[in-house]
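Secondary and tertiary structure notes
As a plain string of letters, each chain reads:
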Amino acid sequence: MFGDAISYPRTNDDWLPTIAIGGILLILQFLLIPIILVQGYYVRVLRGVSSGESTAPSFTDWGDLFVDGLKLFVVGLGYGLLIGIPVLVLSAIGGGAGAAIGEGAGAVIGLIVGLIALGYAIVVSYVVPAAVTNFAVEDSIGAAFEFGTLREIVTTAEYARGILFGVLVAIVGGLVGSLLSFLLIGIFVLFYVQIAVYYCFAQGYADGRDAAGLPRPA
C-alpha cells in the first residue's frame, strides 16, 4: 500500500498542474476559501479511491469542491466536539476530585482521568478517517455519524492497516516537506503527501468495509 499511495497522486495526466494548484491554494489558505477548496479535493480523493477509481482527481467543478469542503468542515467540527467536550468534562472531574481529596491521592486520580481522556481521544481520532470517508462515498454528512457501520469497519485488520500506512506516509512525507519548506517547494510536497495519506485512509476504509461484509455504497 505504501508504494501505491506514493504513486497515486501521479496517476492523472495533469498531475503536475494539480499539485501546483493544490500547493498554491495551501499558500493562500489564510483567505479561508482556498483551504475549503483543498478540503473538497480531499473529499474527492476519498470518494474516488474507496470506489475503486485508480486515477487521482483533478481540480475541476470548483463549485462542487467548495460544497464538499464545507461539508467536510462540518464533519470535522462535529468530531472536534465529540473529542473536545468529553475531554474537557473529564479534565474538570479530575481537577475537582484532586482538589477535594488532597494532593497525593488527587494526583493519582488526576493521572487516571487524564489517561482515560487521552485514550478516548485516540479512539475517536482513529474512527475519524472512516467517518469522513463514509461521508464522502455516501455524500451525506449524517453518514459520518453512522456509528454502527463505522464500528464494523474500524474493528477490521484491513482498516487498521490503512491507518498505519497513512500515518507512516504522513510522518515520512511530512519530514521531507518540512525539510524543503525553506525552498517553498515544501508546501507542494506536503500537498502531494496529504493526497497519499488520504489514499491510505480510503483504501483502508474500502478494504475494511469488504472485510466486514458490508456492501459498498452505489
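The notes below deal with the structure included here. (Residues numbered from 1 in each chain as written. Predicted model: local features only at pLDDT ≥ 70, side-chain atom pairs only at ≥ 80, totals over all residues. Heavy atoms only, no water.)

Section: the overall build of the protein chain
Counting its secondary structure elements, the protein chain contains eight helices and zero strands. Taken along the three principal axes of its C-alpha coordinates, the protein chain extends 65 × 45 × 30 Å. For the protein chain, the proportion of its 218 residues judged to be buried stands at 40%. For the protein chain, long-range pairs separated by at least 24 residues make up 77% of all intrachain contacts whose partners lie at least 6 apart in sequence. Of the side chains in the protein chain, 8 bear a positive and 15 a negative charge, and the two mean positions are spaced by 2 Å. (Helix = DSSP H or I, 4+ residues; strand = E, 2+ residues; numbered from the N terminus. Buried < 20%, exposed > 50% of the residue type's maximum accessible area, 1.4 Å probe, protein only. Contact = heavy atoms within 4.5 Å. Lys, Arg positive; Asp, Glu negative; His and termini not counted. Charge placed at Lys NZ, Arg CZ, Asp CG, Glu CD.)

Details of unusual backbone geometry
The phi torsion of most residues other than glycine is negative, and most of the peptide bonds are trans. Phi is positive for Asp61, which is not a glycine, with a value near 50 degrees. With phi around 50 degrees, Asp139 is a residue other than glycine that occupies positive phi space. Tracing the sequence through the fold places Asp139 in the loop between α5 (103–138) and α6 (147–154).

With respect to the pattern of salt bridges
This structure, assessed with the given rule, holds three salt bridges. Asp139 serves as the salt-bridge partner of Arg47, at 3.8 Å between the closest nitrogen and oxygen. Taken together, the residues span a long stretch of sequence, with Arg47 in helix α3 (residues 33–50) and Asp139 in the loop between α5 and α6 at a distance of 92 residues. For Arg47, a relative accessible area of 24% corresponds to the partly exposed category. (Salt bridge = Lys/Arg side-chain N within 4 Å of Asp/Glu carboxyl O.)

Re the nonpolar core
Core analysis: the biggest nonpolar cluster contains 49 residues, and Tyr41, Tyr79 and Phe191 have the highest contact counts within it. If sequence neighbours within four positions are ignored, Tyr41 has contacts with Thr18, Ala56, Pro57, Ser58, Phe59, Leu65, Phe191 and Ile195. (Core = buried A, V, L, I, M, F, W, Y, C linked by side-chain atoms within 4.5 Å.)

Some details on the side chain of Asp68
Structurally, Asp68 is set in helix α4 (residues 62–101). Residue class for Asp68 comes out buried when judged on its relative accessible area of 7%. Once you skip the residues sitting within four places of it in the chain, Asp68 turns out to touch Gly40, Val43, Arg47, Phe135 and Asp139.

A few points about helix α7 (residues 157–179)
Compared with the 33 Å implied by 1.5 Å per residue over 23 residues, the 33 Å span of α7 between its first and last C-alpha is a close match. Every buried residue of α7 is accounted for by Tyr159, Gly162, Ile163, Gly166, Val169, Gly173, Gly174 and Gly177. (Expected span 1.5 Å × (residues − 1).)

A short note on helix α2 (residues 15–27)
Between its terminal C-alpha atoms α2 stretches 18 Å, which fits the 18 Å expected from 13 residues at 1.5 Å a residue. For α2, every residue scored as buried is listed here: Thr18, Ile19, Gly22, Gly23, Leu25 and Leu26. The arc that holds the buried residues of α2, viewed along the axis, is 160 degrees, so those residues lie on one side. (Arc of directions from axis to C-beta.)

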